[in-house]
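Secondary and tertiary structure notes
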Amino acid sequence: MQVVVLVKQVADTAARIKIADGKQDIDRQSASLIVNPYDEMAVEEALRIKEKHGATVWVVTLGEAKAEESLRTALAMGADEAARVTAPASDPLTAARALAQAVREIAADIVIAGRSAADDEQGQVGALVATLLGWPHVTEVTKLAFDGDKGVAEREVEGGVEVLDFSLPVVVTAQEGLNTPRYASLPGIMKAKRKEIRQITVDESTVGAPVLRTRSLELPPARGQGKILSGLEPAAAARELVRILHEEAKLI
Amino acid sequence: MILAVLEAHEGSLKKISAELCTAARKAQALLGQDGVALLLIGPDVAAADAAAALDCDLCLTVQGDAFSAYAAEAWAPAVAVAAKEVSAPLILLGSTSFGRDLAPRVAGVLEAGLLADVGDLELADGHLAAERSLYSGKVLAQVESLSSVTVATVRPNAFAPAGAKAAAPRRSLQVDVADAAVRCRVREVRRQAATRPELTEASVVVAGGRGMKDAEHFHLVEELADLLGAAVGTTRATVDAGWRPHSEQIGQTGKNIAPSLYINAGISGAVQHISGVLGSRTIVSINRDAEAPIFKISDYGVVGDAIEILPHLIEEVRKLS
């Protein structure tokens, strides 16, 4: 069984984000780059499938040579094989076409991705890859189990938990709560350094034309500093806050 | 026509459905379309009456064996059939667990641009466009769709719910989906007993963080929430500490909220939390640290210990009723 995990290298949003000249992208030179946190959960889940059912775990990324760092991180966690896809992709649909091609070439049975990337927060690629492959998908999975070519997934919905039955092949996307990703082991890190990364090139005729375009990036307008009460006794502070919310802001 | 894909539960429309109706009316004017069509897929016929009574021009329904329980592989082609039926240039879904699962599948089937998790739509050089929040709210992007049909998921609470009017005409669509084409379907939905509004739908949210000091003190957050008819929220830190369930977590690895009023206590405002609350209309914060980042995005605030202030706040709010 081949399990493919789609990973993306993203700017750490806890660090400073600068917008590059031209306002089309962020300044990647100054950004601190990490593996998308949801993708680490996807890698962890694939490793658990391998441990329980036996599988070859592939990690696949789409991007420039620097993105191979994210593949080496996943290899150090325990993934078996890695591939980097090079393609003229600029939006979720073109990225999904390129990744679907890689999934075909690897002949995967299960694809796991993060529910969304921490940078563009689209949450589209997993389901798009499934649609392009003609496979079923389940997004935002918090629990996953397999039995032969069948599986059961759970996802949190408003006011409850949805339980879904599916058959392989399948694409699932990982949501917080699915698992806690393991740390890379030292031998794993050493092994990952030497691992050859397969290169997959997907051309323009396969990825097609983009359907989304970023016109511009801006820093969000600062929310004006509000009315902050300090130095008051708890009772007086509470009284004044409720007075403001009730009489001035008319919110309660 | 603009097409909006509604959500129902046990014979009633969900709140997002009426909000989508308002969003669709606005988009109709924006694009110079001749009406709004609402689409309800599945066995919830009773909800179709409520849908037709919303401010729309046509109510479409899709029923049949393939639509007994949610399956994205059946729902997506049904949405595509409905979009074709009314020549829709724009298909709206909620940015809900349902919409986030279905919308990219619809976009994939139609090879359409999906404007995901947006609060409003606009025209930019003739293309449908929207402002999107990226990088945990640190960047705003204007994104445009280049396809002839566009799909968009609309954030809950971004539009006022549409009111009722005389029932619109109804049309039942025949959509054939082979059994073999559906390999993933909802088996059951385990409902949690809900005594409070759902976090992403609530118009008031009260949340507590690490500053509540332990799990027991959260009864103060719950009490204030119940007085205000609010949902209860929290931060990743308290979920990791096992004080609160993940279903209450607000922020990057939890839920994004956009209530009219967001009251938080003992939350310092990590970037991952702030990204999930920026859609709130008014933010009220209680924190003992005057330098806490949460105050930078707050409209009102009190510097002080949440555990000391909340009991007084509860008492003062109780006096209002």
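Residues numbered from 1 in each chain as written. Chains lettered and ligands numbered in written order. Predicted model: local features only at pLDDT ≥ 70, side-chain atom pairs only at ≥ 80, totals over all residues.

Some remarks on the overall build of chain A
Selection criterion: Strands are runs of DSSP state E lasting at least two residues, helices are runs of H or I lasting at least four, and both sets are numbered from the N terminus onward. With C-beta atoms placed from the backbone, the exposure class of a residue follows from how many other C-beta atoms lie within 10 Å of its own: 20 or more, buried; 12 or fewer, exposed; in between, partly exposed. We call two residues in contact when the distance between their C-beta atoms, placed using the backbone, is within 7 Å.
Tallying secondary structure elements over chain A gives seven helices and 13 strands in all. Along the first, second and third principal axes, the C-alpha atoms of chain A reach 65 × 45 × 40 Å. Out of the 252 residues belonging to chain A, those deemed buried represent 50%. Considering only contacts within chain A whose residues lie at least 6 apart along the sequence, 70% involve residues at least 24 apart.

Here's the deal with helix α5 (residues 218–228) of chain B
Two residues of an α-helix separated by three or four positions point the same way, owing to the 3.6 residues in each turn. Residues and elements named next belong to chain B. This is how it is decided: Note that the arc is defined by the directions from the helix axis to the C-beta atoms.
Here α5 has its buried residues at F218, L220, V221, L224, A225 and L228. End-on, the buried residues of α5 take up no more than an arc of 150°, which puts them together on one face. Contacts made by the buried residues of α5 are with β14 (204–208), β15 (231–234), β16 (261–265) and α8 (306–320). At the exit of α5 stands G229, carrying a positive phi of roughly 65°.

Concerning the sheet that holds strand β18 (residues 300–303) of chain B
Sheet strands line up and pair through hydrogen bonds in the backbone, either parallel or antiparallel. Applicable threshold: Paired strands are those between which DSSP finds at least two bridges. Under this scheme, a helix contributes an axis fitted over its contacting stretch, all axes are lines through C-alpha atoms, and angles between N-to-C directions fall in the 0 to 180 degree range.
Taken in spatial order, the six strands line up as β13(A)-β18(B)-β17(B)-β16(B)-β14(B)-β15(B) in an open sheet, and their pairing is parallel. Each edge of the open sheet is held by one strand with a lone partner, namely β13 (227–229) of chain A together with β15 of chain B. Recorded for the sheet is a direction-independent mean angle of 15° between the axes of neighbouring strands. Pairing geometry for β13(A) and β18(B), over three bridges, is parallel. Among the inter-strand pairings, I228(A) is bridged to a residue of β18(B), identified as G301(B). Strand contacts of helix α7 (residues 234–248) of chain A: β13 of chain A together with β17 (282–287) and β18 of chain B, with the helix running at about 180° to β18(B), the strand carrying the most contacts.

A few points about the domain arrangement of chain B
What counts here: An automatic or database domain assignment provides the domain bounds reported here. Residue polarity follows a fixed list, in which Ala, Val, Leu, Ile, Met, Phe, Trp, Tyr, Cys and Pro are nonpolar, Asp, Glu, Lys and Arg are charged, and the others, Gly among them, are polar.
Entries for chain B in the domain assignment read domain 1 (2–181) and domain 2 (204–320). Among the residues forming the side of domain 1 of chain B that touches domain 2 of chain B, the class breakdown is two nonpolar, five polar and one charged.

A closer look at unusual backbone geometry
Omega for the bond connecting L168(A) with P169(A) falls within 30 degrees of zero, at -5°, which places this linkage in the cis form. Along the chain, the position of P169(A) falls in the loop between β9 (160–167) and β10 (170–174). In this model, E121(A) sits at a positive phi of 50°, which is unusual for a non-glycine residue. Here E121(A) is to be found in the loop between β6 (110–114) and α4 (125–133). What makes E121(A) buried here is the crowd of 23 C-beta atoms within 10 Å. Notably, Y135(B) is not glycine yet its phi reads approximately 50°, a positive angle. Looking at the element boundaries, Y135(B) is found in the loop between β9 (127–134) and β10 (139–145).

Some remarks on the pairing of β18(B)
Every other side chain in a regular strand lies on the same face of the sheet, so the side chains alternate between the two faces. Residues and elements named next belong to chain B. The alternating pattern of β18 places Y300 and V302 on one face and G301 and V303 on the opposite face, and all of these are buried. Inspection of the sheet shows β17 paired to β18 by four bridges, in the parallel sense. What sits directly across from S285, in β18, is G301.

Observations concerning the pairing of strand β1 (residues 2–5) of chain B
All names here are of chain B. With burial as the criterion, each face of β1 is covered, one bearing I2 and A4 and the other bearing L3 and V5. Of the strand pairs in this sheet, β1 and strand β4 (residues 36–41) are connected by four bridges, and their pairing is parallel. From the neighbouring strand, I2 faces β4, where its bridge partner is V36. In this structure, β1 lies alongside strand β6 (residues 90–94), joined through two bridges in parallel fashion. Considered in β6, the bridge of L3 is made with I91.

Notes on the nonpolar core
Inclusion rule: For our purposes the nonpolar core covers buried Ala, Val, Leu, Ile, Met, Phe, Trp, Tyr and Cys residues that link as a set through C-beta atoms within 7 Å.
In terms of nonpolar packing, the biggest core is built from 150 residues, with V5(A), L99(A) and L38(B) touching the most fellow members. Among residues more than four places away in sequence, those in contact with L99(A) are L6(A), V60(A), L62(A), V85(A), V125(A) and V129(A). Within the second largest apolar cluster, 45 residues are counted, among which are A202(B), I250(B), A265(B) and L310(B).

Thoughts on the sheet that holds strand β12 (residues 212–218) of chain A
Spatial ordering of the open sheet is given by β12(A)-β10(B)-β9(B)-β8(B), a layout of four strands whose pairing is antiparallel. Strands with a single pairing partner mark the edges of an open sheet, and in this sheet they are β12 of chain A together with β8 (122–124) of chain B. The average angle at which neighbouring strand axes cross in this sheet is 40°, direction not considered. In this sheet, β10(B) lies alongside β12(A) in antiparallel orientation, the contact comprising six bridges. Its bridge partner lying in β10(B), T214(A) is registered against V143(B).

Considerations on the packing of α7(A) against α8(B)
Which entries qualify depends on this criterion: Any angle that falls under 35 degrees is termed roughly parallel, while one over 145 is termed roughly antiparallel, one within 65 to 115 roughly perpendicular, and all others oblique. Two helices cross in a left-handed way if the nearer one is turned anticlockwise from the farther one by less than a right angle. They cross in a right-handed way if the turn is clockwise.
The N-to-C vectors of α7(A) and α8(B) enclose an angle of 45°; their axes lie 8 Å apart at closest approach. When the axes of α7(A) and α8(B) are compared, the pair comes out oblique. In this structure, α7(A) crosses over α8(B), and the sense of that crossing is right-handed. Counted together, P234(A), A235(A), A237(A), A238(A), R239(A), L241(A), V242(A) and H246(A) of α7(A) and E308(B), I309(B), H312(B), L313(B), E316(B), V317(B) and L320(B) of α8(B) form the full contact between these two elements.

Side note on the domain arrangement of chain A
Partitioning chain A into domains gives domain 1 (2–207) and domain 2 (225–252). A straight line from the C-alpha centre of domain 1 of chain A to that of domain 2 of chain A covers 47 Å.

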